[in-house]
Amino acid sequence: MKKLATAVVIALAIFGAGTTAKAAYDWSVGHADLQRTNSNIDTLVSRINSLKQDKNNAQRSINDLNNSISNLQSQKETEEASLQQQIQQKIKEGNDKVAAKQDELNNVNRKIDDLNAQLNDLKQSNDQLGKALQDVHDTAIKSEQAVETTK
């Protein structure tokens, strides 16, 4: 029995030693796997944080560009409004000059019409004076003939 007990103890010791060695090996492999997994998690967290930072930088750039676009659009609208106002002012000035010249032209045309009317009146007066002179001349001749006839 002692031999059996010794054999059982030796078998258990061999089995226990093998199991302990296997457990130690499994623990070592598991620990290495756990360290690699932790390292991978740290790498992924670092990459995620870097990507988040890149995203935040890109978002800031987008916001800056949108602000620049908004500012440029506002500046463009202001400049267009100013140019439109200048154009309208120039058009008004041009129209005012045209209206002033038109008034001058109308005044000159009125003067021409007045002078033509005066000329026509003078022609008519001249014609009447000519007729009156002719009548006076005819009357003078007739009176001379009458005087001559009575002599």
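Thresholds, definitions, all that
- Residues numbered from 1 in each chain as written.
- Predicted model: local features only at pLDDT ≥ 70, side-chain atom pairs only at ≥ 80, totals over all residues.
- Heavy atoms only, no water.
- Helix = DSSP H or I, 4+ residues; strand = E, 2+ residues; numbered from the N terminus.
- Buried < 20%, exposed > 50% of the residue type's maximum accessible area, 1.4 Å probe, protein only.
- Areas by Shrake-Rupley, 256 points an atom, 1.4 Å probe, with all protein chains shown as cover.
- Patch = residues over 30% accessible without salt bridge, like charges linked within 9 Å, V, L, I, M, F, W, Y side chains within 5 Å.
- Salt bridge = Lys/Arg side-chain N within 4 Å of Asp/Glu carboxyl O.

> Which residues make up the overall build of the protein chain, and what values go with them?
A count of helices and strands for the protein chain gives one helix and zero strands. Split into buried and exposed, the 151 residues of the protein chain put 0% on the buried side. Accessible surface, the protein chain as shown: approximately 13,500 Å² in total, 59% of it carbon and sulfur.

> Tell me about a nonpolar patch on the surface, and please be specific about residues and values.
Taken together, the side chains of L83, I87 and I91 make up a nonpolar region of the molecular surface, amounting to roughly 270 Å² of accessible area. Mapped onto the elements, I91 comes out in helix α1 (residues 2-149).

> Which residues make up the pattern of salt bridges, and what values do they have?
Per the counting criterion, the structure on display carries three salt bridges. Here K76 ties to E80 by a salt bridge, and the two come within 3.6 Å at their closest N and O atoms. Here K76 and its partner E80 are both found in helix α1, four residues apart, which amounts to about one turn of the helix. Classification of E80 by relative accessible area gives partly exposed; the value is 42%. Ionic pairing is found between K92 and D96, a salt bridge with its closest N-O pair at 2.9 Å. Remark: D96 and K92 occur in helix α1; sequence separation between them is four residues, near one turn of the helix. Residue classification places K92 among the partly exposed positions, given a relative accessible area of 46%. A relative accessible area of 41% places D96 in the partly exposed class.

These results come straight from atomic positions and should not be treated as a statement about function.
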